[in-house]
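# Fold and contact review
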Amino acid sequence: MKNEKGNWKYFIIGAIVFVIFIFPLYWMVVTALKTQVEIFQIPTPLWPKDLTFEAFADQMSSSSDTFQGFKNSLIIGCGATIISTILSIPAAYGLARFKFKGRKLLILFFLMTQMLPSTLILTSLYIMFSRMGLLNSYLAPILADATLGIPFSIIILRTYFLSIPKELDEAAKIDGCNSITSFTKIMLPIAKPGVVVAAVFSFVYAWGDLIYGITFITDPTKRPITSSIYNYVQQYQTLWNATMAFGIIAIMPVVLIFIFMQKYIVSGLTNGAVKA
Amino acid sequence: MNKKNHLSVKTGFLFALPAVVYMLVFVGYPMIQNFILSVKNVDVYTFADASKQEFVGLKNYLELFDGEDSILLTAISNTLIFTVMSIFFQFFIGFGLALLFNKKFKGSSFFRGVTMISWLLPVTVAGLLFKFMFASKGGIINQLFMSLHLIDAPLEWLLEPKLAMIAIVVANIWIGIPFNMMLLITGLTTIPEEIYESSKLDGASKLQTLFLITIPMIKPAIMSVLTLGFVYTFKVFDLVWVMTKGGPINATELVSTYAYKLSFDQFQFSKGSAAANILFLILFVVGIFYIKLINDEEEVM
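Definitions and limits used
- Residues numbered from 1 in each chain as written.
- Chains lettered and ligands numbered in written order.
- Predicted model: local features only at pLDDT ≥ 70, side-chain atom pairs only at ≥ 80, totals over all residues.
- Helix = DSSP H or I, 4+ residues; strand = E, 2+ residues; numbered from the N terminus.
- Buried ≥ 20, exposed ≤ 12 C-beta atoms within 10 Å, placed from the backbone.
- Contact = placed C-beta atoms within 7 Å.
- Core = buried A, V, L, I, M, F, W, Y, C linked by C-beta atoms within 7 Å.
- Nonpolar A, V, L, I, M, F, W, Y, C, P; charged D, E, K, R; others polar.

This part is about the overall build of chain B. When you go through chain B residue by residue, the secondary structure sums to 14 helices and zero strands. When the helices and strands of chain B are placed in sequence order, the string is α-α-α-α-α-α-α-α-α-α-α-α-α-α. Its C-alpha atoms put chain B at 80 × 80 × 30 Å along the principal axes. The 301 residues of chain B split such that 45% are buried. Relative to all contacts within chain B whose residues are 6 or more apart in sequence, the contacts with residues 24 or more apart total 68%.

Okay, structure coming up:
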């Protein structure tokens, strides 16, 4: 009986926390559904009286940059994810399964790269990409964004490979597998959840990047969505319903990933940071 | 045995090699280039013509610290204020929420799950959302404060130096709480239930349990959260770029935004590189501390 009562107390606190936390997102949706007039009304209504999908319709129309930005971000995000995942899987496996000189140093190297500020390499990358003629191409942000995903992916995948019992390796060896085949036939299938987490994080990092996008790409038709919404706001300062509608479209992939893969994401976040 | 060992050394290294090479090309090499750039005089005039670029030693660094128009020291102090304030609130709120959501009650995992989302959102969008909420006209925060009679007239949150700093810190706290909460919850779940039971039998109060059992037991998680939080907050760029662009009058200029402006607004590439190197140096010291920490805690390596 007493326990039940305590539960209700926690439930109420939890619900209050939930409401405060989710309010900014609620406000984004409500604003996108309001007219400009209602947004600047004092006091502004907490729910649109004059509900309209106009702002969304504008963003979805063929003349707007939103859709193009979305497509560009998809290309950049997928490109960075592919590079990051393909390179991280074998690296994590090598660092988890083999004892070799310099292994510890390599792990430290990846840990450190995760903490670097983007501004540190930005100017040099800009000069490098400009010499290679890569500015204003998708490849520039793809190559740069992959550097965000690789260290994180290696660190979480390594903990995955470490958790797979060594006996499996040995059994595979007895059955005639060499290092490569035991990796592809035994380890990879078991590590699949880890690979999914790594890929998802690489994508989320690339999708959220702003600094590489605004620096390497100035051509409006090739901008990633974060850069196009940033530029949109510079242009239409107080058109908040349109900006919020744009924002909702920009966060859609991340929200979907979050809804469907929440369990994986939580495990990835904690493994990547604490266990390292 | 020896041969087998040798083979294993080679294969392990070969597996890691492609990723290492990639990171060396796109992170290691640019880092070295960044250092070289910072001791040269590359700007908008000398950028295209390598023959005019020359070695100037530590001139850029000295100018950043001494120069009349340099605001590096302001930027460093802003970044420190931003980081300390953000971490202070993120940590205590995150810790409180971790204690709350570690309890099993109806809706616990749902509420906890949903609060996670602010951490995953593209920071650009979160920044714009807060820019709107803090807007002097049409902003919900002014409206809330006025309806509570805390203020009489709308505040210019993003146009007044002190208020602008508060605005970016509040936005950053909202983004960072889930990270703190999740890492601390993970720490909490490692404490065996029996310890709490026996402390209850011994008649310990809730506060005693918290300070004498919970906190000492999750000290590793706490240290990780604080040092990693410091590193991640100290290098924040997008949020501030979107909300204030460092203004008003440099009040929210961070080292990262200052370095960016030097390089890509004023095209003083060498100076921008030097500022970025100073940022790196600060993070490097804290980073070493973090790595030493996790190395001591568990011998995973």
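Looking now at the overall build of chain A. A tally of helices and strands in chain A yields 13 helices and zero strands. From first element to last, N terminus to C terminus, chain A shows the α and β order α-α-α-α-α-α-α-α-α-α-α-α-α. Along the first, second and third principal axes, the C-alpha atoms of chain A reach 75 × 70 × 30 Å. The burial tally for chain A puts 48% of its 276 residues in the buried class.

Let us now look at the nonpolar core. Of all hydrophobic cores here, the largest spans 157 residues; its most connected members are A275 and L279 of chain B. Broken down by element, this core gets its largest block of residues, 15 residues, from helix α8 (residues 161-189) of chain B. With residues near it in sequence (within four places) discarded, L279 of chain B still touches P117, T119 and L120 of chain A together with K235, V255, S256 and A259 of chain B.

On to unusual backbone geometry, then. Note on backbone geometry: most residues besides glycine have negative phi, and most peptide bonds are trans. Residues and elements named next belong to chain B. Backbone torsion omega between G247 and P248 reads -10°, so that peptide bond is classified as cis. The backbone of H149 sits at a positive phi, close to 60°, despite the residue not being glycine. Within the element layout of this structure, H149 appears in the loop between α7 (140-147) and α8. The phi torsion at K245 lies on the positive side, around 55°, for a residue other than glycine. One can find K245 in the loop between α12 (238-243) and α13 (255-264). When the 16 C-beta atoms within 10 Å are taken as the criterion, K245 is described as partly exposed.

What follows is about the interface of chain A and chain B. At the junction of the two partners, chain A supplies 79 residues and chain B supplies 77 residues. Residues belonging to the side of chain A that touches chain B are distributed by class as follows: 54 nonpolar, 20 polar and five charged.

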